[in-house]
Amino acid sequence: MIFDLHNDYPTVLPRGKMLEYAENLTDNGTTATAAVFTSELDAGMAMRTVTEVRGLLADSRADIPLSVEDLGFLADDDIDTFDFCGLFYCSLTWNYDNVYAGGALDGGKLTDKGKKLIEAMNGKCAVDLAHLNRRSFFDALDCAQNPICSHTGFSEHPRCLNKAQISALARRHVPIGLSVVAKFSGAKSAREFAVVIDKYVQCYGCDNLCIGTDFNGSIDIPYDLSDYSMFATVVAELVAMGYTQRDCNKILYDNANRFYKEIVGERHI
């Protein structure tokens, strides 16, 4: 079983195919978080897209987590009325600065409006740190009740986490979704991806490491790791390194599923 913290299929698939795709994955043991990417949409279209996808997934026979990548479309007046319940997590921005925070490829900081936005999200959905720059990352981490880093890597790319960030997340047991995007993970094959996992686990353990593929959001993906079925190779490599099946299950499914259930459960407290 696999729990993917980030899959961009709502962005690339037509509405008529999206639910079929997600339910087929679920039938085959994969929970793929539907990430709605809004950065290239105007505010009105972004709001309509989130609403449409939310409605579509609500009618599904499967429990499909929904997330929003970049809340920059929200105006000040929208923060208090936007329905964060029903969302797994949201990110404040994408790669560039907006009124809420600084993106990974830009230099801005977490603003007072960004802090207000996180406050509105707390207790309702998780706060995704994946696309924040270093300056915004630590401030947002301090403000967020339930932070997550949905899809990232450990390479030198500015979209990735450095040792200080990883340590801060590990101390709080914040889920980190390891992306299969080669420039983020540094892995050019399934075997190398397993090595990246092992290096992380040797330093930080396996209690907060998850999978956040970024499928449908990039073409920079190893040829033998372009489909969920191919994670069997990753598991085989990890087992060959001495990992138990329980350890593999934690990384591929259990850690993410536990956090998702915590977020859903917290709304009903």
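Up top is the structure.
Here the structure is a predicted model, which is why all the values come from computation and not from measurement.

Trainee: Report on the packing of aromatic side chains, specifying residues and quantitative values.
Mentor: For any pair of aromatic rings, geometry is given as the distance between the ring centres together with the angle between the planes. All told, the structure shown has 16 aromatic pairs when counted by the stated rule. Geometrically, the ring pair formed by Phe73 and Phe82 is edge-to-face, given 6.2 Å between the ring centres and 75° between the ring planes. Each member of the pair, Phe73 together with Phe82, is buried. Arranged with centres 4.9 Å apart and planes meeting at 70°, the rings of Phe88 and Tyr260 form a pair that is edge-to-face.

Trainee: Break down the pairing of strand S2 (residues 30-37) for me, with residues and values.
Mentor: Buried residues dominate S2, accounting for 8 of its 8 residues. Bridge count between strand S1 (residues 2-7) and S2: 4 bridges; the pairing is parallel. The residue of S2 that forms the bridge with Asn7 is Ala34. Where S2 and strand S3 (residues 66-69) come together, 4 bridges link them in parallel fashion. The residue of S3 that forms the bridge with Ala35 is Ser67. Of the crossover connections in this fold, the one passing from S2 over helix H3 (residues 43-58) to the parallel S3 is right-handed.

Trainee: I'd like a description of the environment of Ala46, backed by residues and values.
Mentor: Tracing the chain through its elements places Ala46 in helix H3. The buried category is assigned to Ala46, whose relative accessible area is 0%. Residues Ala46 and Gly177, 131 residues apart in the sequence, show an inter-C-alpha distance of 24 Å. Apart from residues no more than four positions distant in its own chain, Ala46 is found in contact with Thr38, Leu41 and Phe73.

Trainee: Lay out helix H9 (residues 190-204) in plain terms, naming residues and giving numbers.
Mentor: Think of an α-helix as 3.6 residues a turn; residues three or four steps apart then line up on the same face. The end-to-end C-alpha separation of H9 is 21 Å, in line with the 21 Å expected for 15 residues at 1.5 Å each. Of all the positions in H9, only Ala190, Phe193, Ala194, Val196, Ile197, Asp198, Tyr200 and Val201 are classed as buried. Looking one or two places after H9, you find Gly205, whose phi comes out positive at around 85°.

What counts as what
- Along each chain, numbering runs from 1 in the same order as the chain's sequence is written.
- Reporting in this predicted model follows two pLDDT cut-offs: at least 70 for local features of residues, and 80 or more for side-chain atom pairs to be given and counted; totals over whole chains, interfaces and linings ignore these cut-offs and use all residues.
- Heavy atoms throughout the structure, all of them, feed into the side-chain values; hydrogens and water do not.
- Side-chain rings of Phe, Tyr and Trp (the six-membered ring for Trp) are treated as a pair once their centres are within 6.5 Å; stacked means planes under 30 degrees apart, edge-to-face means over 60, and tilted covers the remaining angles.
- Three exposure classes are used, based on accessible area relative to the maximum for each residue type with a 1.4 Å probe and protein chains only: buried under 20%, partly exposed in between, and exposed over 50%.
- Every helix listed is a DSSP run of H or I at least four residues long, and every strand listed is a run of E at least two residues long, numbered separately from the N terminus.
- A pair of strands counts as paired when DSSP detects no fewer than two bridges linking them.
- Crossovers are described as right-handed under a simple rule: with the strands pointing away from the observer, the path leading from the first strand over the helix to the second runs clockwise.
- Throughout, a residue-residue contact means that at least one pair of heavy atoms, one from each residue, lies within 4.5 Å.
- What a helix should span is 1.5 Å times the count of its residues minus one.

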